[in-house]
Structures are given as structure tokens and as C-alpha cells.
Amino acid sequence: MRIAFIGDIVGRPGRSIIKENLKKIKDEHHIDFVIANYENASHGFGLTSKSAAELFNTGINVMTGGNHTWDKKEIHTLFDKYELLRPHNYPDEVSGTGCKIYEVAGEKLAVLNLMGHFSMPMTDNPFRCAKETISDLHEQGVQNIFIDIHAEATAEKRALLMMCKSQVSAIVGTHTHVSTDDLQIYEGTGYLTDIGLTGCRDNVIGMSAKIPIQRFLTGLPGRFDVPDKCKSILQMVIFDISAGKCTKAFKIKKFNDGREFQTEAWID
């Protein structure tokens, strides 16, 4: 199977560049299944029903969350309406789930959403949650497992790879909105520390630069805002998976001015 993952979608610019390009990319690269992270999709904070419908209409199959999952109150009702996940290491009493199994190209694919500890909201231990969930999936006969680890610390993401290598098909980090240059296949597991944002690329992590600069200069708070118009980018990682192992991976960076770059994973 060939699956794709799109990084943190930030506001209207992120939604728009997906709408303009995803169908063509899916057709060109014969992608079977698309996963995306929604937590900043509605003006930078959370997800509304309107934005969810817009994104699923582009050809996305399932979307993962993070620390901004709960920013819009309606999210609690959306878990039953759409294929949405939230970090699996939230307590069981929290609405939604962080792991689902799908039929893709005649095989089962599990999508697991986790959230790190450092500088993030209080949740259960993501590493213990990962071990228990992966064990349960293997017992169910599910070999193909994709993980979105939503975390601030690169060390947490790398440690998850070292713990889960060869047990899962791919691990991709989200949250920082800044892409890293370490796409690799390590002992059968595709890995990228952070995929980076999909949205405005000419400001500060997808937000207008004025308030972030003000905060760094003065320490005073301010409301982050997503520009309506900007130079945007779509960042996507594509994985070929067979019998639970990643056999090929490459990243696509699509710019709103038509430029496109591809980076191949190295293999260890």
C-alpha cells in the first residue's frame, strides 16, 4: 500500500493549497490512503465542522489531532461524524479515540495518534500507551501501523523510533510546524522527526509575524492570527508499506507558485 501524511494544516491557506493540489498528487503518485493533522486547521486553533467537511472533500481519509484538538467546543460531536482521531494517551473518559483500523489496498492499516509530554498538556504516558497499543494491534493481526507523534521535543520523537523500530511501519512527528531533514527508513520503519506545516511559509509558524515578534521583544501576550493571503506550502510524506515494513519513503514540498521539490529517504 502507498499512504501519505500531510503536516499540521494551518488555517485557510493550508486548507486552500490542499484543495488545489491533493487530487492531482494522489493521482500522479497512486496514493491509496491520506492522513492529515487537523489541530490548527480552523484559523490556527482546533477544527470546526465546516473546515472538517472541506478537508475531507479534498480526498483526505482520516485526520489526527494534538494539543489544540479541544480548542473548538464542537470537536466532541465531530468524532462520531468524521474520521477524526485525538491523542490516544488522553484518558479513556475523554471523547473520541486515538487509534483506528482501516482497510487499505486489501490490507489492514492502523493509524495511531500520540502526544508527547515536554511542554504539552497533561496526558498519560505516550511511550507506555504506544507499547500497549502496538501489542494489541499485533495480537489482532494488524502489521501495518502508522504513528503521528505530536510533540515539542525532538528527543521524545526519536526515542519513540528507537523503541518501536521494526514494530511499526512509519512514525512522523508534528507540532513544531518546522520541518526536519532526517527522513529515513530505519530497520523497516519510516521516520521523520517533524513534517512541518501546511500553510503560510512567509511568517512565523504559519501565523502573522507581528504578534510573535511583539511577544519576543516585550514579553506581552497577543492573539496569533493566520493571514488570509500569503506564500503557502503543502508538505507531504509518502510511504510504501508491505507486510508491516516501510520499503520506500519520500517527501513532497509543493509551493503555491507551482514549484515542487522531492526528497528521498535514506535507508539504515
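Residues numbered from 1 in each chain as written. Predicted model: local features only at pLDDT ≥ 70, side-chain atom pairs only at ≥ 80, totals over all residues. Heavy atoms only, no water.

(A) Broad picture of the pairing of strand S5 (residues 107-115). Of all nine residues that make up S5, seven are buried, and the element is covered over most of its length. Between strand S4 (residues 99-104) and S5, which pair antiparallel in sequence order, lie two residues; one of them, Ala 105, sits at a positive phi of approximately 50 degrees. Two strands pair when backbone bridges link them, and S5 and strand S6 (residues 144-150) are joined in this way by seven bridges, in the parallel orientation. Bridge pairing links Ala 110 to Ile 145 in S6. On the question of chirality, the crossover connecting S5 to the parallel S6 by way of helix H4 (residues 126-139) is right-handed. (Buried < 20%, exposed > 50% of the residue type's maximum accessible area, 1.4 Å probe, protein only. Helix = DSSP H or I, 4+ residues; strand = E, 2+ residues; numbered from the N terminus. Pairing = 2+ DSSP bridges. Right-handed = clockwise from strand over helix to strand, strands pointing away.)

(B) Local environment of the state of the cysteines. Evaluation of the coordinates by the stated rule reveals one disulfide. Between Cys 99, a free cysteine, and Cys 129, which holds the nearest cysteine sulfur, the sulfur-to-sulfur gap is 8.5 Å. Residue class for Cys 99 comes out buried when judged on its relative accessible area of 16%. Between Cys 246, a free cysteine, and Cys 164, which holds the nearest cysteine sulfur, the sulfur-to-sulfur gap is 15 Å. Residue classification places Cys 246 among the buried positions, given a relative accessible area of 5%. (Disulfide = S-S within 2.5 Å.)

(C) Quick look at the packing of helix H1 (residues 11-29) against helix H2 (residues 49-56). Where H1 contacts H2, the two axes come as close as 10 Å, and the packing angle between them is 25 degrees. Considered as vectors, H1 and H2 are oriented roughly parallel to each other. Note that H1 runs across H2; the crossing there is left-handed. Each of Arg 15, Ile 18 and Lys 19 in H1 lies in contact with H2, whose residues at this interface are Ser 51, Glu 54 and Leu 55. Residue classes in the contact of H1 with H2 are distributed as two nonpolar, one polar and three charged. (Axes fitted to C-alpha atoms, helices over the stretch in contact; angles between N-to-C directions. Parallel < 35°, antiparallel > 145°, perpendicular 65-115°, else oblique. Left-handed = near helix turned anticlockwise from the far one by under 90°. Contact = heavy atoms within 4.5 Å. Nonpolar A, V, L, I, M, F, W, Y, C, P; charged D, E, K, R; others polar.)

(D) The arrangement of H2 in detail. Within H2, six of the eight residues are buried, leaving the element largely enclosed by the surrounding structure. Every buried residue of H2 is listed here: Ser 49, Ser 51, Ala 52, Glu 54, Leu 55 and Phe 56. Looking at the buried side of H2, the elements it contacts are H1, strand S3 (62-64) and helix H3 (75-78).

(E) Here's a closer look at H4. The end-to-end C-alpha distance of H4 is 20 Å, a good match for the 20 Å that 14 residues give at a rise of 1.5 Å each. Those residues of H4 that fall on the buried side of the exposure criterion are Pro 126, Cys 129, Ala 130, Thr 133, Ile 134 and Leu 137. Each buried residue of H4 sits inside an arc of 120 degrees when the element is viewed along its axis, so together they form one side. In H4, those exposed residues whose orientation departs by more than 90 degrees from the buried face are Arg 128, Lys 131, Glu 132 and Glu 139. Buried-residue contacts for H4 involve S4, S5, S6 and helix H5 (154-164). You can read the cap of H4 off the contacts: a side-chain oxygen lies 2.8 Å from the backbone nitrogen of Phe 127, and it is on Asn 125. Gly 141 lies just past H4 and shows a positive phi near 85 degrees. (Expected span 1.5 Å × (residues − 1). Arc of directions from axis to C-beta. Polar contact = N/O pair within 3.5 Å; in protein donor to acceptor, adjacent residues only side chain to side chain.)

(F) Region of interest: the packing of aromatic side chains. Evaluation of the coordinates by the stated rule reveals seven aromatic pairs. Arranged with centres 6.3 Å apart and planes meeting at 55 degrees, the rings of Phe 146 and Phe 239 form a pair that is tilted. Of this pair, Phe 146 sits in strand S6 while Phe 239 sits in strand S11 (residues 232-242), and the two are 93 residues apart along the sequence. For Phe 146, a relative accessible area of 0% puts it in the buried group. We note Arg 158 situated over the ring of Tyr 186; from NZ or CZ to the ring centre the distance is 5.9 Å. Directly above the ring of Phe 255 sits Arg 259, whose terminal nitrogen or CZ lies 4.5 Å from the centroid. (Phe/Tyr/Trp six-rings, centres within 6.5 Å; stacked < 30°, edge-to-face > 60°. Lys NZ or Arg CZ within 6 Å of the ring centre and 35° of its normal.)

(G) Up close: the side chain of Gln 235. Within the element layout of this structure, Gln 235 appears in strand S11. Here the side chain of Gln 235 touches Leu 197 through a polar contact of 2.9 Å, landing on its backbone oxygen. In terms of polar contacts, Gln 235 uses its side chain to reach the side chain of Lys 251, at 2.8 Å. Beyond its immediate sequence surroundings of up to four residues, Gln 235 is in contact with Phe 5, Ile 6, Gly 7, Ser 179, Ile 195, Gly 196, Leu 197, Thr 198, Lys 251, Ile 252 and Lys 253.

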